[in-house]
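Given next are the chains, with one letter for each unit.
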Amino acid sequence: MVAKVEKLEGIKKTEQYLTNLFRARFPFVYIPTWEEIRIVELITKIAESRAIKTKREIFIWSSTEGLKKHTEDGQEKININEAQNPINALSYIEDFNKPAILILKDVHSLLGAKGGRTDYDFIRKVRDVAGSLKNADFPKNVVITAPSLLLPDDLQKDITVVDFNLPTLDELKNLLNEMVEMNEGTGISINLDDNGKEKLCKAAQGLTLQEAENAFARAMVTTGQLSEDELEIILEEKCQVIKKTGILEFINTNINIDDVGGLENMKKWLTKRNNSWLGKAQKDYNLPAPKGVLVTGISGTGKSLTAKAISSMWQLPLLRLDVGKIFSGLVGSSEENMRKAVQTAEAVAPSILWVDEIEKGFGGSGGEMDGGTSTRVFGTFLTWMQEKTKPVFVIATANNISKLPAEMLRKGRFDEIFFTDLPTFSERKVIFKLHLEKRLKDSISKDFNISDELLNSLSQATEGFVGAEIEQVVVSALFEAFAEDRQLEEKDLFKVIENTIPLSTTQAEQILAIREWANERAVAATAHDEQYNYAPEETEEVVRKKAKAKKDTETVKRARGGRTIDF
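This structure is a prediction, so every number in the text was calculated from the model and none was measured.

### Let's talk about helix α3 (residues 36-48)
Here's step 1: With 13 residues, α3 ought to run about 18 Å at 1.5 Å a step, and its terminal C-alpha atoms sit 18 Å apart, in line with that.
Here's step 2: Of all the residues in α3, the buried ones are R38, I39, V40, L42, I43, T44, I46 and A47.

If you want it as structure tokens, here you go:
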């Protein structure tokens, strides 16, 4: 059943819907789209098809060219008084004694669009014509096409809005094949098999047909060839779609999942879901695309790093949603900004939508303080998360989970909630090794040995340090060596550690509260068998006494599924 629904989506579904509206004599149809050429081609196809029963003549009006009849050979100008006035175009179609469809371009500026003027005479004319077309002797329809949707209250009952989907994979393949044929013998090397063409076209999904054509053309002229190697160029053009929203930010990252120290439980969960948005997962296993995860925990424990690493591991575009940009001064624009953001994320799907520090944007609603705007925006986002069908994986990070509304945390919004705690002994070893290997060069560390003994000592000395603090230990130690123009020495690292007061000390109460919350509500990001992994010489009895003496700074009630120590 799912597969049949998928086949009906896209241009075929829109074509069928429009055909039915025209046959049922719906007087006015509004199609918000940038793709004028593509929508004219579709309406022309419908008007000449057998499915519509009664073939229609096509007329097109624009403020620059007036009213023209659309024919196979081009467009034939219609001589009417004041051709640039859309009211006269409506009068013409109202009096036309044959089946017809009139396409009005960009009249949204007359309906009160930003920067335009509301033309109440035009709005009145639309209402008049809507009534007369329903009872006309011949079937006639009017289609309004514009880049954005703006519908005044006066026309809510007279106009039907139709979504026009972006090009399907098959349409992009047809475009690419046409461009390949056109460039044969031009000196551009085409090195693409069917699999390569599919990869390029999938990368171009989310672009309009014109944008896709520009992307393919740019790839050809940049390198003088077209192959899978030009995939990056296509993705760069895709980034333009994201940048133009002004709300979403494209994050270009080369961070690998192996660059994230520890958090093995969460990493395994993410690895298992790689490629799960592809057809095989749905067709063979009847699996839905994963909705997303909420990662909460102590600041500096790798939440944001994990979001960037997922993008590299899954090879999907990472879009960062700045909630602050959602809210603006104009009434109603905040809700529109949120809709635009999620529509863009869906347009470039499969994609990853990253909402960093989500509690600062949605934590605690503004209520009456902002006229209910934040509540409506939050509601729009929640509804989309619950109902979305496009493969947009949402990763939200939060430091203070208590500020988030309960409805954000219930099942169905996220697939899982992970809790990132202070790194364990083993995790601290991994994090130290990662940062030392990443930053040390022969010129400054020729005699420096990253031994297991050193890592054990460093890990034991940094109990209660978060990953960000461990990274800063390495950086500060290198500054010590740089200031004296010498090689790095082990004592530099231990000197910095001795002078560092970790977050677990300065915010002990807050950390304890976060752990208490996560104990019943979240899954540990750290692997269960590592949650109580201490230095080799520390027996469980020693750990128990140390934990009790420190009021459980290191071990109190880890997240669900982990072993707790009975005091």
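### Focus on the sheet that holds strand β5 (residues 100-105)
Working definition: the strands of a sheet are paired by backbone hydrogen bonds and lie parallel or antiparallel to each other.
Here's step 1: Ordered in space as β4-β3-β2-β5-β6-β1-β7, the seven strands form an open sheet in which the pairing is mixed. At either margin of the open sheet sits one strand with a lone partner, and together these are β4 (74-77) and β7 (159-161). Strand after strand, the sheet turns through a mean of 30 degrees between neighbouring axes, direction not considered.
Here's step 2: Sheet topology places strand β3 (residues 66-71) next to β4; four bridges connect them, and they run antiparallel. Looking at the pairing, H70 lines up with Q75 of β4.
Here's step 3: Contacts from helix α5 (residues 120-134) reach β1 (28-32), β5, β6 (140-146) and β7 within the one sheet, and its direction differs from that of β1 by about 125 degrees.

### Regarding the pattern of salt bridges
Here's step 1: If you walk through the whole model with that rule in mind, you get 19 salt bridges.
Here's step 2: Two residues, E249 and R320, come together in a salt bridge whose shortest N-O distance is 3.7 Å. Taken together, the residues E249 in strand β10 (residues 248-251) and R320 in strand β12 (residues 318-321) connect sequence positions 71 residues apart.
Here's step 3: Between E264 and K267 there is a salt bridge, with its nearest N and O atoms 3.2 Å apart. Taken together, the positions of E264 and K267, both in helix α10 (residues 264-272) and three residues apart, correspond to about one turn of that helix.
Here's step 4: Among the ionic contacts, a cluster of salt bridges with common partners joins E35, R38 and E171.

### Considerations on the packing of aromatic side chains
Here's step 1: Counted under the stated rule, the structure contains six aromatic pairs.
Here's step 2: Plain terms: the ring middles of F59 and F96 are 5.0 Å apart, the flat faces sit at 75 degrees to each other, and that makes the pair edge-to-face. Taken together, the positions of F59 in strand β2 (residues 57-62) and F96 in the loop between α4 (86-95) and β5 put the pair 37 residues apart, joining distant regions of the chain.
Here's step 3: Ring plane angle 75 degrees and centroid distance 4.8 Å describe the contact between W314 and F393, whose orientation is recorded as edge-to-face. Taken together, the positions of W314 in helix α12 (residues 303-314) and F393 in strand β14 (residues 392-398) put the pair 79 residues apart, joining distant regions of the chain. When sorted by exposure, W314 lands in the same class as F393, which is buried.
Here's step 4: Site record: aromatic cluster; members linked through ring pairs are F59, Y92 and F96.
Here's step 5: When the ring centre of W269 is taken as reference, the NZ or CZ atom of R273 above it lies at 3.8 Å.
Here's step 6: Sitting over the face of the ring of W354, R320 holds its NZ or CZ atom 5.9 Å from the ring centroid.

### Here we look at α10
Here's step 1: Taken together, the buried positions of α10 are occupied by M266, K267, W269 and L270. The buried residues of α10 all sit within an arc of 160 degrees when viewed along its axis, so they share a single face. Residues of α10 that are exposed and point more than 90 degrees away from the buried face comprise K268 and K272.
Here's step 2: Looking at the buried positions of α10, the neighbouring elements they touch are β11 (292-297), α12, β14 and β15 (416-420).

### Some words on the nonpolar core
Across soluble globular proteins, you tend to see nonpolar side chains buried next to one another.
Here's step 1: Of all hydrophobic cores here, the largest spans 38 residues; its most connected members are L294, L321, L353, I358, F362, F381 and M408.
Here's step 2: It is helix α16 (residues 373-387) that contributes the most residues to this core, six residues altogether.
Here's step 3: Counting residues in hydrophobic clusters, the runner-up holds 31 residues, among them A83, A89, I93 and L110.

### Description of the layout of surface pockets
Here's step 1: Of the volumes computed, that of the second largest pocket is approximately 660 Å³.
Here's step 2: Along the walls of the second largest pocket sit 31 residues, with G302, L305, H435, A468 and E471 positioned nearest its centre.
Here's step 3: Of all the secondary structure elements, the ones that give two or more residues to the lining of the second largest pocket are α12, β14, α18 (425-439) and α21 (467-483).
Here's step 4: When residues of the lining of the second largest pocket are assigned to their parent elements, the largest contribution, six residues, is made by α18.
Here's step 5: Class assignment for the residues of the lining of the second largest pocket results in ten nonpolar, eleven polar and ten charged.

Analysis parameters
Residues numbered from 1 in each chain as written. Predicted model: local features only at pLDDT ≥ 70, side-chain atom pairs only at ≥ 80, totals over all residues. Heavy atoms only, no water. Helix = DSSP H or I, 4+ residues; strand = E, 2+ residues; numbered from the N terminus. Expected span 1.5 Å × (residues − 1). Buried < 20%, exposed > 50% of the residue type's maximum accessible area, 1.4 Å probe, protein only. Pairing = 2+ DSSP bridges. Axes fitted to C-alpha atoms, helices over the stretch in contact; angles between N-to-C directions. Contact = heavy atoms within 4.5 Å. Salt bridge = Lys/Arg side-chain N within 4 Å of Asp/Glu carboxyl O. Phe/Tyr/Trp six-rings, centres within 6.5 Å; stacked < 30°, edge-to-face > 60°. Lys NZ or Arg CZ within 6 Å of the ring centre and 35° of its normal. Arc of directions from axis to C-beta. Core = buried A, V, L, I, M, F, W, Y, C linked by side-chain atoms within 4.5 Å. 1 Å grid on protein atoms, 1.4 Å probe; cavity = no way out; pocket = protein on both sides within 12 Å on 5 of 7 lines; lining within 4 Å. Points joined across faces, edges and corners; volume = space filled by probe spheres on them. Nonpolar A, V, L, I, M, F, W, Y, C, P; charged D, E, K, R; others polar.

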